[in-house]
Protein chains: 2
Amino acid sequence: MARDVVTAAILVIGDEILSGRTRDVNVGYIADYLTRMGIDVREARMIPDVEGEIVDALDAVRERYDYVFTTGGIGPTHDDITADSVARAFGVAISVNDEAVAMLKERYGGDTELNEARLRMARIPHGASLVRNKVSSAPGFRIGNVFVMAGVPKIMQAMLDEIAPTLEGGRPLRSRTVAVDLKEGDVAGPLRAVQERFPETMIGSYPFFEDTGRFGTRIVVRARDEALLEEAEAAVKAMADDLAGAGDAA
Amino acid sequence: MARDVVTAAILVIGDEILSGRTRDVNVGYIADYLTRMGIDVREARMIPDVEGEIVDALDAVRERYDYVFTTGGIGPTHDDITADSVARAFGVAISVNDEAVAMLKERYGGDTELNEARLRMARIPHGASLVRNKVSSAPGFRIGNVFVMAGVPKIMQAMLDEIAPTLEGGRPLRSRTVAVDLKEGDVAGPLRAVQERFPETMIGSYPFFEDTGRFGTRIVVRARDEALLEEAEAAVKAMADDLAGAGDAA
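About the criteria used
Residue positions are given per chain, counting from 1 as you read along its sequence in written order. Here the convention is simple: chains get letters from A, ligands get numbers from 1, in the order in which they are written. Local features in this predicted model are restricted to residues whose pLDDT is 70 or higher, and side-chain atom pairs enter the listing and the counts only when it is 80 or higher, whereas totals over whole chains, interfaces and linings include all residues. Each side-chain value is worked out from all heavy atoms of the structure, with water and hydrogens disregarded. Exposure categories follow from relative accessible area, calculated using a 1.4 Å probe and restricted to protein chains: below 20% of the type maximum is buried, above 50% is exposed, and the middle band is partly exposed. Going along the chain from the N terminus, every DSSP run of H or I of four or more residues is numbered as a helix, and every run of E of two or more is numbered as a strand. Criterion used throughout: strands pair if DSSP finds at least two bridges between them. These domain limits were set by an automatic method or by a database of domain assignments. When the centres of two rings from Phe, Tyr and Trp lie within 6.5 Å, Trp using its six-membered ring, the rings pair. Their planes under 30 degrees apart give stacked, over 60 give edge-to-face, and anything left gives tilted. For a lysine, the NZ atom is tested; for an arginine, the CZ atom; a charge sits over a ring if that atom is within 6 Å of the ring centre and within 35 degrees of the ring normal. The copies were overlaid by least squares, fitting only the C-alpha atoms of residues that reach a pLDDT of 70 or more in each copy. Any two residues whose heavy atoms approach within 4.5 Å at even a single point are treated as in contact. The working definition used for a salt bridge is a side-chain nitrogen of Lys or Arg within 4 Å of a carboxyl oxygen of Asp or Glu. Buried area is calculated as the accessible area (1.4 Å probe) missing from two parts once they are joined, with the contributions of both summed. Whenever a nitrogen or oxygen atom comes within 3.5 Å of another N or O atom, the pair is scored as a polar contact, on the condition that within protein one atom can donate a hydrogen and the other can accept it, and that pairs from neighbouring residues in sequence are kept only if both atoms are in side chains. All amino acids are sorted into three groups, where Ala, Val, Leu, Ile, Met, Phe, Trp, Tyr, Cys and Pro are nonpolar, Asp, Glu, Lys and Arg are charged, and the leftover types, Gly among them, are polar. A fitted line through C-alpha atoms serves as each axis, taken over the contacting stretch for helices, and the angle formed by two N-to-C directions is quoted from 0 to 180°. Geometric relationships in this document are graded by angle, where less than 35 degrees denotes roughly parallel, more than 145 denotes roughly antiparallel, 65 to 115 denotes roughly perpendicular, and other angles denote oblique. By definition, any crossing whose near helix is turned counterclockwise from its far helix by less than a right angle is left-handed, and any crossing with a clockwise turn is right-handed.

Caption draft 1: View of the pairing of strand 2 (residues 39-47) of chain A. For strand 2 of chain A, the tally of buried residues reaches eight of nine residues, placing the bulk of the element in the interior. Where strand 1 (residues 6-13) of chain A lies against strand 2 of chain A, eight bridges are found, and the strand directions are parallel. Considered in strand 2 of chain A, the bridge of Ile-10 of chain A is made with Ala-44 of chain A. Sheet analysis places strand 2 of chain A next to strand 2 (residues 39-47) of chain B, joined by three bridges and oriented antiparallel. Bridging from a neighbouring strand, Ala-44 of chain A pairs with Met-46 of chain B of strand 2 of chain B.

Dropping the structure here:
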């Protein structure tokens, strides 16, 4: 039977993210993608290219969530240590995988040599299955509930497209957004009352400031049940109308 | 005596980040800012607006690193629970802070009511000191080695400017970037040899693909010692010249 709630964590692996040199765009992309599939991302961590850190982070999240998605550290250079770290976390051996070599040979071997460094990209932990992608010949892999993907956004996105059909989604957390031309501090009191009336929904509030000078508050209601969601959304809208009416009268 | 290495972690707090609705831009900004000050960001975590999760994450990082910076969850609405969570993590009480109320009064009280919800933004853990900012009247705060900042980027950035002079920076990790028109897989072998010759530097390698069709590899060398950095950079450049020469001859 399908479950209502399916959870995931994201691990972004790479010194370049923590130094600020490269701005991560993968967390937002993966979070949005999984949310649409009914998978709740419960946390994301950005960690350095240090084996002990990668192992510790994997151990902290892989027991706790249904799925774990990693990005980064699977290229051909000496600082690409994700595959070895994953093998260590799972306590399995790692070696050059024949199927992965065959994938690399489809692309390399002509003008571009399939050298020792590139063969490193075929090192796969024992017991893992490969994740192909349409952009690069180097595969990612799945071991247990952990999916190991590239850090380059286009390649990661192509891998996620391959992985998606194999995932079990939950009942999607649906959301409705109500944007109001009111300050967050004026919305807050009545909004708390709405949240208390609908404890099974999650209501968030986000101030916005547009370049045009318009500002206000975006209220986001989330729930798995469509009828409940509509009821809570209607309550938020009624609240906003009340507040706007009070403002007009003042 | 100043220390060579000063470390930090970043906690991004907010459901909207993990749902993919809002793309985080704060980690990159803070990481870049701190790196320039000689503070090494060792990890970043994105966690939901759930008190237990915030407390656990704070406990995991505040003993381990010199500084912790949080963003998000200090507004006036019911889902803003960061201040209460920080108080719980530190085992201290929290109440409305007179100094914070005075700051809020500078702005509110005329056209805009300083209502109960806005007074929530003056709830500060006991023992904390306030962090003003030039954009909003609501303060962040510091308690122990934890700095609690807003999630709205402009406000967070203004708070970081206030905090920066109070931080002890380390010896900055300097970096040099060498961009080469070579594939990462061709650079990887010789680059590993350079890394082994300069074990006290950190050498990273990042493929790039430009819209013009140009592609190649950015090699980033990092070290605290300027002379060492220059030596390693020269070795990377010599390596790149050798490879380019070999390519021309082929």
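Now that the structure is up, let's keep going.
Caption draft 2: Structural detail: the domain arrangement of chain A. When cut into domains, chain A gives domain 1 (6-166) and domain 2 (174-249). Distance between the C-alpha centres of domain 1 of chain A and domain 2 of chain A: 39 Å.

Caption draft 3: Examining the packing of aromatic side chains more closely. Within this structure, the stated rule accounts for eight aromatic pairs over all chains. Consider the rings of Tyr-29 of chain B and Tyr-33 of chain B, whose centres lie 5.9 Å apart with planes at 35°: the pair is tilted. On the criterion of helical spacing, the pair formed by Tyr-29 of chain B and Tyr-33 of chain B is a turn pair, its members being four residues apart in helix 2 (residues 26-36). These aromatic residues form a ring-pair network of at least three members: Tyr-67, Phe-69 and Phe-147 of chain A. When the ring centre of Phe-90 of chain A is taken as reference, the NZ or CZ atom of Arg-62 of chain A above it lies at 4.0 Å. For the cation-ring pair, Arg-218 of chain B lies above Phe-208 of chain B, with the distance from its terminal atom to the ring centre recorded as 4.4 Å.

Caption draft 4: How the structure looks around the relation of the copies chain A and chain B. Note on the copies: chain A fits chain B at an RMSD of 0.0 Å, the axial shift is 0.0 Å, and the rotation between them is 180°. In symmetry terms, the pair is related by a two-fold rotation axis. In terms of C-alpha distance to the rotation axis, chain A has Arg-45 of chain A as its closest residue, with the C-alpha 2.2 Å off the axis. By residue overlap, the copies meet face to face through one surface: 100% of the interface positions of chain A are interface positions in chain B.

Caption draft 5: Here's a closer look at the pattern of salt bridges. Inspection of the entire model under this criterion finds 47 salt bridges over all chains. The salt bridge involving Arg-3 of chain B is made with Asp-66 of chain B; its shortest N-O contact spans 3.1 Å. A residue pair is termed long-range when its members are at least 10 positions apart, and Arg-3 of chain B in the segment before strand 1 (6-13) and Asp-66 of chain B in the loop between helix 3 (51-62) and strand 3 (67-71) qualify at 63 residues. Relative accessible area serves as the criterion here: at 36%, Arg-3 of chain B is assigned to the partly exposed category. Using a relative accessible area of 23% as the deciding quantity, one classes Asp-66 of chain B as partly exposed. Taken together, the shared-partner salt bridges in this structure form one network comprising Arg-174, Arg-176, Glu-226, Glu-230, Glu-233 and Lys-237 of chain A.

Caption draft 6: Main features of the interface of chain A and chain B. With 54 residues of chain A at the contact, the number on the chain B side is 54 residues. The contact between chain A and chain B buries some 4500 Å² in all, and 50% of this surface belongs to carbon and sulfur atoms. Area buried by chain A at its contact with chain B is led by Leu-18, Arg-21 and His-78 of chain A, which between them contribute 14% of it. Here chain A is connected to chain B by six salt bridges. Arg-64 of chain B is paired through a salt bridge with Glu-53 of chain A; the nearest N and O atoms lie 2.5 Å apart. Where chain A packs against chain B, one counts 21 residue pairs in polar contact (both at pLDDT 80 or more). Counting residues per element, the ones that place at least two in the side of chain A that touches chain B are helix 1 (15-18), helix 2 (26-36), strand 2, helix 6 (116-119), strand 9 (174-180), helix 8 (184-197), strand 10 (202-209) and strand 11 (215-223) of chain A. Taken together, the residues of the side of chain A that touches chain B break down into 20 nonpolar, 15 polar and 19 charged.

Caption draft 7: Examining the sheet that holds strand 11 of chain A more closely. All names here are of chain A. Taking strand neighbours across the sheet as the criterion, the three strands line up as 9-11-10 in an open arrangement whose pairing is antiparallel. Each of the sheet's edge strands pairs with one partner strand only, and the pair in question is strand 9 and strand 10. The average angle at which neighbouring strand axes cross in this sheet is 20°, direction not considered. One ladder, built from eight bridges, connects strand 10 with strand 11; its direction is antiparallel. Among the inter-strand pairings, Ile-203 is bridged to a residue of strand 11, identified as Val-221.

Caption draft 8: Broad picture of the sheet that holds strand 7 (residues 140-143) of chain B. Spatial ordering of the open sheet is given by 6(A)-7(A)-8(A)-3(A)-1(A)-2(A)-2(B)-1(B)-3(B)-8(B)-7(B)-6(B), a layout of 12 strands whose pairing is mixed. If you trace the sheet from one side to the other, it starts and ends with strand 6 (129-131) of chain A together with strand 6 (129-131) of chain B, each paired once. On average, each strand axis in the sheet is tilted by 20° relative to the strand beside it, whichever way the strands run. Pairing between strand 7 (residues 140-143) of chain A and strand 8 (residues 146-149) of chain A: three bridges, direction antiparallel. Looking at the pairing, Ile-143 of chain A lines up with Val-146 of chain A of strand 8 of chain A. Running over the sheet, helix 2 of chain B touches strand 2 of chain A together with strand 1, strand 2, strand 3 and strand 8 (146-149) of chain B and is turned about 165° from strand 2 of chain B.

Caption draft 9: Inspection of helix 7 (residues 153-163) of chain B at higher detail. Turning to helix 7 of chain B, its buried residues are Ile-155, Met-156, Ala-158, Met-159, Leu-160 and Ile-163 of chain B. The inward-facing, buried residues of helix 7 of chain B contact helix 2, strand 3, strand 6, strand 7 and strand 8 of chain B.

Caption draft 10: Region of interest: the packing of helix 3 (residues 51-62) of chain A against helix 4 (residues 82-90) of chain A. Residue and element names in this part refer to chain A. Closest axis-to-axis distance for the helix 3/helix 4 pair is 9 Å, and the angle between their directions is 50°. By the criterion of interaxial angle, the relationship of helix 3 to helix 4 is oblique. Two packed elements cross with a definite hand, and for helix 3 against helix 4 that hand is right-handed. Here Glu-51, Gly-52, Ile-54, Val-55, Leu-58, Asp-59 and Arg-62 of helix 3 come into contact with helix 4, specifically with Asp-84, Ser-85, Val-86, Arg-88, Ala-89 and Phe-90. In the contact of helix 3 with helix 4, the residues fall into six nonpolar, two polar and five charged.

Caption draft 11: Seen up close, the side chain of Glu-43 of chain A. Here Glu-43 of chain A is to be found in strand 2. Among the residues examined, Glu-43 of chain A registers a relative accessible area of 4% and is labelled buried. Reaching out from Glu-43 of chain A, the side chain makes a polar contact with the side chain of Arg-45 of chain A at a distance of 2.7 Å. Discounting residues that sit within four places of it in the chain, Glu-43 of chain A has contacts with Ala-8, Ala-9, Ile-10, Val-61, Arg-64 and Tyr-65 of chain A together with Leu-18 and Met-46 of chain B.

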